[in-house]
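# Architecture and fold: a report
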Amino acid sequence: MENRLVQLEKLSRQLEPLRDERELLQKLAVQYSNQFLDEQQDAPAYTPFTKNVVNTLLEDPITEAGVLPGEALKIFGDQVVPPGLNLTSGRHFGYIPGGGLSVAAIGDYLAAVTNRYAGVYSSSPGAVALETRMIYWLAELFGYPETSGGYLASGGSHANLTAIVAARDSKKLKAADFSKAVVYITAQTHHCVARALNIAGMSECVHRYIPMDDQFRMVPEKLDEAISEDLNGGLIPWLIVASAGSTDAGAVDPLADIAVIARKHGLWFHVDAAYGGFFMLTEKGKRMLKGIEESDSLVVDPHKGLFLPYGTGALLVKEAKKIAFSHRFEASYMNDTKVDSGMYSPAEISPELSKHFRAVRMWLPLKIHGITALRAALEEKLLLAKYLSEKLEEMDQIETGPAPQLSVVMFRWTPDPDEIVNDELNRSLHKLLLEDGRIFLSTTQIGGRFFFRAAILSARTHLSEVDTLLSVLREKKEELLKSL
Ligand SMILES: *Cc1c(COP(=O)(O)O)cnc(C)c1O
């Protein structure tokens with residue numbers, strides 16, 4: 001047995017590279033990262049791909065002996081990263097851009113190296129305190145009181161799900177009530193909310209779509225009416241989900257008015273601020289999001305408005321004990337972890353136990369960059385959206401959507417009197433833009449018509465990137481017209 005152990009140890013010690021080997025891989029990774037970041041200024045925002053090329057990755061062998069570090073990094077750099085949307089590009093205007101602050105990446109590296117157990121205080125009090133600090137900072141930003149709490153989730157979808165479960169339990173809804181329970185949303189509400197209701201076992205609850213004004217905002221009077229009618233009809237009005245920056249149009253529902261209605265009828269008021277929440281750091285954002293402090297829970301995505309790499313959402317709940325109730329557990333092997341820390345451990349208030357030490361990637365950029373730079377970047381995005389919208393209005397044969405409330409600009413090209421022809425032309429234009437790759441725009445529909453969306457939220461988007469958007473658009477429109 002001893003001999004076998006010696007043999008096995010010799011092999012298993014390969015898992016702990018010696019200092020020199022470790023430094024080689026670190027050096028290669030840092031070289032790659034720096035080159036990648038330096039190239040972003042000119043790198044395509046989109047690289048067309050074919051399924052066949054991507055599928056070669058599915059056949060990439062995982063071998064008994066392993067390969068040299070350089071070989072593995074080459075596959076990563078040549079095959080994994082390039083195809084598709086370049087989410088680190090400042091010319092990525094699709095969906096809701098995320099960030100990719102390089103300082104956050106270092107935070108991730110440190111989190112993984114130290115591998116602190118961010119779920120449980122008694123194991124890693126420093127890690128739990130760091131996450132709690134991030135939550136306190138968010139609570140201050142959104143005007144939540146000391147009774148509030150929350151955690152860093154993988155993203156907005158996950159955080160919205162937890163909010164819905166907390167709201168369900170807080171209202172003491174049982175399975176027998178679900179078909180009478182009513183949730184109030186709009187056609188702009190992110191699809192993850194309906195999905196969260198499904199996952200929470202509440203797919204049969206009544207989804208009441210409240211009409212919107214011409215700027216895609218929930219009409220409070222219609223909400224009030226709908227709740228009264230449902231109460232009269234013997235239903236159980238239960239939850240209102242408002243958007244603070246809808247993903248599609250960037251619309252902000254009138255939060256303060258909705259809060260009054262929620263309180264009047266005793267409903268849980270949840271705000272999905274995954275996209276728009278961090279505009280709270282700006283004066284305009286504070287005005288737009290007024291009333292968010294009255295909500296019972298809110299979701300904000302640091303991987304959007306705080307420019308962090310993907311994988312960081314946050315949930316705040318006004319009364320932290322409500323999420324603690326929804327996540328209560330008994331397990332004899334966890335008895336040692338019950339200590340009086342004066343703060344909730346993420347494992348007590350969220351679905352995860354062992355969790356990514358997410359706080360470092362948020363804390364390090366906040367600490368090092370400070371708030372001024374982040375606030376300036378957010379104010380810059382709001383102003384760039386206004387700039388883009390004005391420039392588009394000056395362009396011939398361009399119709400813009402509603403004036404941007406935050407940083408989403410919608411527009412369509414209208415060279416033809418026939419709107420159906422225009423839809424076709426816009427679709428062709430979108431294809432040309434994808435093939436070109438310098439800018440990436442996503443698309444949507446307003447009133448059944450094709451619209452482009454430019455969402456400005458990448459940390460790397462500045463005036464010159466928006467000017468490039470405008471010039472590429474002009475160029476490709478002409479190209480298309482000539483080819484007809
Ligand atoms: C992005 C987004 C979500 C979903 O968040 P993920 O982080 O992508 O899971 C939910 N709501 C809104 C308004 C969003 O913009």
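Residues numbered from 1 in each chain as written. Predicted model: local features only at pLDDT ≥ 70, side-chain atom pairs only at ≥ 80, totals over all residues. Heavy atoms only, no water.

This paragraph deals with unusual backbone geometry. The phi dihedral of Phe216 falls on the positive side, at around 65 degrees, and the residue is not glycine. Residue position: Phe216 is located in the loop between strand 5 (206-209) and helix 9 (220-232). Judged by relative accessible area, which is 17%, Phe216 ranks as buried. Its identity as a non-glycine residue notwithstanding, Phe307 has a phi of 65 degrees, on the positive side. Among the structural elements, Phe307 can be located in the loop between helix 12 (302-305) and strand 9 (313-317). (Helix = DSSP H or I, 4+ residues; strand = E, 2+ residues; numbered from the N terminus. Buried < 20%, exposed > 50% of the residue type's maximum accessible area, 1.4 Å probe, protein only.)

Right, let's get into helix 9. In this model helix 9 runs 19 Å from its N-terminal to its C-terminal C-alpha over 13 residues, within 8% of the 18 Å that 1.5 Å per residue would give. In the core, the buried residues of helix 9 are packed alongside strand 4 (181-185), strand 5, strand 6 (236-243) and helix 10 (255-265). (Expected span 1.5 Å × (residues − 1). Contact = heavy atoms within 4.5 Å.)

The residue Arg438 is located in the loop between helix 16 (419-436) and strand 12 (442-446) in this model. Spatially, the C-alpha atoms of Arg438 and Gly448 are 28 Å apart, while their sequence positions differ by ten residues. Among residues more than four places away in sequence, those in contact with Arg438 are Ala45, Arg91, Val472, Glu475 and Lys476. At 2.9 Å, the side chain of Arg438 forms a polar contact with the side chain of Asp436. (Polar contact = N/O pair within 3.5 Å; in protein donor to acceptor, adjacent residues only side chain to side chain.)

With that out of the way, let us pick up the packing of helix 16 against helix 17 (residues 463-483). The contact between helix 16 and helix 17 brings their axes to 10 Å, and the two run at 120 degrees. The orientation of helix 16 relative to helix 17 falls into the category oblique. In this structure, helix 16 crosses over helix 17, and the sense of that crossing is right-handed. Residues Leu425, Ser428, Leu429, Leu432, Leu433 and Asp436 of helix 16 touch helix 17, and the partners they reach there are Val472, Leu473, Lys476, Lys477, Glu479 and Leu480. (Axes fitted to C-alpha atoms, helices over the stretch in contact; angles between N-to-C directions. Parallel < 35°, antiparallel > 145°, perpendicular 65-115°, else oblique. Left-handed = near helix turned anticlockwise from the far one by under 90°.)

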